[in-house]
Amino acid sequence: MSPAALNLTVPPSKRARVIYAAASVVLSYPDAEVIDRLPLVEQALADAGALDGFADTLAHLRSMPLMEVQAWHVQEFDLSRRHALHLTYWTDGDTRRRGEVLASIKQTYRDSGLVVDLDGELPDYLPMVLEFAANGAPALGVALLNTYRASLELLRIGLREDKLPQVGVLTAVCDTLGGPSPQTRAEVQKLVDSPPTELVGLDSFISTTPFPVGQSPATVKQGG
């Protein structure tokens, strides 16, 4: 189903929007601006009672010099398809249909009435979708997250299996969407009606770069 054709969901709670905004920051490519924002992120999460799921990721981002944490991010999120941050990769892989789906997501941003600066990123980049759900068009952003719930859960399972600190962040995001999270890929398959193409890239690490190196989240602002 085209994201643009979805009915709007109930707007997320203030706590959920804090989780989306915080997740958008800490899952982004960790440049100096991201690191500088961590104290504000931590305080907002603490005020919302949502800090626990983010504690390991915040500690990780502070645990090494900037260049080292950047290299770690590239290795785990850009060079490894097990942790792909582009939602349509999990459902469509590198197929022709994926281009059509990406165009549909772009149209969803346009239909919101906001100006979304992609900043060279693909529109399904998870930090961008999360920022859209937090500060752009929250109800429509949650609809996008629900559309790609299977992608979120597969990413969460991959992070859990590889014992990466960001698993708590994905768990917090998935928990805002309601219903229990599947514990296996087979259970995730029940979330979708299509053939198991969403399992592409999960069987092993791939050494080639599937996507451009992640940048900071897109800017979402009022506009026509």
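The notes below deal with the structure included here. (Residues numbered from 1 in each chain as written. Predicted model: local features only at pLDDT ≥ 70, side-chain atom pairs only at ≥ 80, totals over all residues. Heavy atoms only, no water.)

Counting its secondary structure elements, the protein contains 11 helices and 2 strands. Going from N to C terminus, the protein has its helices and strands arranged as α-α-α-α-α-α-β-α-α-α-α-α-β. With the model as given, the accessible surface of the protein reaches about 10200 Å², and the carbon-plus-sulfur share is 55%. (Helix = DSSP H or I, 4+ residues; strand = E, 2+ residues; numbered from the N terminus. Areas by Shrake-Rupley, 256 points an atom, 1.4 Å probe, with all protein chains shown as cover.)

This brings us to the side chain of His60. Tracing the chain through its elements places His60 in helix H3 (residues 55-61). According to the relative accessible area criterion, His60 is buried, its value standing at 11%. For His60, the contacting residues outside a window of four places in its chain are Val69, Trp72, Pro165 and Gln166. (Buried < 20%, exposed > 50% of the residue type's maximum accessible area, 1.4 Å probe, protein only. Contact = heavy atoms within 4.5 Å.)

Okay, the packing of helix H7 (residues 126-136) against helix H8 (residues 138-147) next. Look at H7 against H8: their axes get within 6 Å of each other, and the N-to-C directions meet at 145°. For H7 against H8, the interelement crossing comes out left-handed. Seen from H7, the contacting residues are Leu126, Val129, Leu130, Phe132, Ala133, Ala134 and Gly136; seen from H8, they are Pro138, Leu140, Gly141, Val142, Leu144 and Leu145. Considering only residue class, the contact of H7 with H8 consists of 11 nonpolar, 2 polar and no charged. (Axes fitted to C-alpha atoms, helices over the stretch in contact; angles between N-to-C directions. Left-handed = near helix turned anticlockwise from the far one by under 90°. Nonpolar A, V, L, I, M, F, W, Y, C, P; charged D, E, K, R; others polar.)

Attention shifts here to the pattern of salt bridges. For the structure on display, the rule yields 6 salt bridges. A salt bridge links Glu42 to Arg62; the shortest N-O distance between them is 3.1 Å. Of this pair, Glu42 sits in helix H2 (residues 32-47) while Arg62 sits in the loop between H3 and helix H4 (66-78), placing them 20 residues apart in sequence. Of the residues examined, Arg62 reaches a relative accessible area of 42% and is grouped as partly exposed. Between Arg82 and Glu161 there is a salt bridge; the shortest N-O distance is 3.2 Å. (Salt bridge = Lys/Arg side-chain N within 4 Å of Asp/Glu carboxyl O.)

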